[in-house]
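Coordinate inspection notes
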Amino acid sequence: DVKVTQSSRYLVKRTGEKVFLECVQDMDHENMFWYRQDPGLGLRLIYFSYDVKMKEKGDIPEGYSVSREKKERFSLILESASTNQTSMYLCASRTGGFGYTFGSGTRLTVV
Amino acid sequence: KNEVEQSPQNLTAQEGEFITINCSYSVGISALHWLQQHPGGGIVSLFMLSSGKKKHGRLIATINIQEKHSSLHITASHPRDSAVYICAVGPNEKLTFGTGTRLTIIP
């Protein structure tokens, strides 16, 4: 069964910490995405990558960076976590012409 | 930037009823996606369509490009269909998402 795996289901971090969220896909998809989901706002794109070492900003990249050193792995980095980054983070992948496969999400709480 | 509006925001129906969820968007797109999110957060891609109609089991998705409108229909609804249904559109990979329709099917 093809899947997108996010490393943590729940995470609690302190304000100012550097936070790494990892995502791995086993489908050889070119495109990978990081979204955050907040009540009443829907999913919002943070960053996406269309190839190894390639990245493009989404709608809300401020406070985040990403890394894609291998095709199967896409990491989201919160450089200095803040309470307004408390959210559900969802990773997804896809290949051209097909729908998205999502991970099960990481619920991050910054205290 | 696309605006995506879904209606209704919440829908409760009896098991067996025919369900319709609507999605309207404001600008040109290359594709529209319907997603399903169950409690606990997992999201499943149901359809990707750019014209016409697609069917998968009891689910049917239609799109009218001229009217910038799409509908998701569920026939013979079942309690396991209870979920949030999300519409997303975009000219490219930068999708804009609706806030979802919460569907509850009562046995």
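The structure we're discussing is the one just above.
We now turn to the structure provided with this report. (Residues numbered from 1 in each chain as written. Chains lettered and ligands numbered in written order. Predicted model: local features only at pLDDT ≥ 70, side-chain atom pairs only at ≥ 80, totals over all residues. Heavy atoms only, no water.)

To continue, consider the side chain of Arg36(A). Residue and element names in this part refer to chain A. Assignment of secondary structure puts Arg36 in strand β4 (residues 31–38). Given the relative accessible area of 8%, Arg36 is considered buried. Polar side-chain contacts of Arg36 include one of 3.1 Å to the backbone oxygen of Asn84. For Arg36, the contacting residues outside a window of four places in its chain are Gly42, Leu43, Arg44, Ile46, Ile60, Tyr64, Asn84, Gln85, Thr86, Ser87, Met88 and Tyr89. (Helix = DSSP H or I, 4+ residues; strand = E, 2+ residues; numbered from the N terminus. Buried < 20%, exposed > 50% of the residue type's maximum accessible area, 1.4 Å probe, protein only. Polar contact = N/O pair within 3.5 Å; in protein donor to acceptor, adjacent residues only side chain to side chain. Contact = heavy atoms within 4.5 Å.)

It is worth spelling out the sheet that holds strand β1 (residues 4–7) of chain B at this point. Residues and elements named next belong to chain B. The 5 strands are arranged β1-β3-β8-β7-β6 in an open sheet whose pairing can be described as antiparallel. The open sheet terminates on both sides in strands that have one partner only, identified here as β1 and β6 (52–56). For this sheet, the mean angle separating the axes of adjacent strands, direction not counted, is 15°. Inspection of the sheet shows strand β3 (residues 19–25) paired to strand β8 (residues 69–74) by 6 bridges, in the antiparallel sense. Bridge pairing in β8 links Ser24 to His69. (Pairing = 2+ DSSP bridges. Axes fitted to C-alpha atoms, helices over the stretch in contact; angles between N-to-C directions.)

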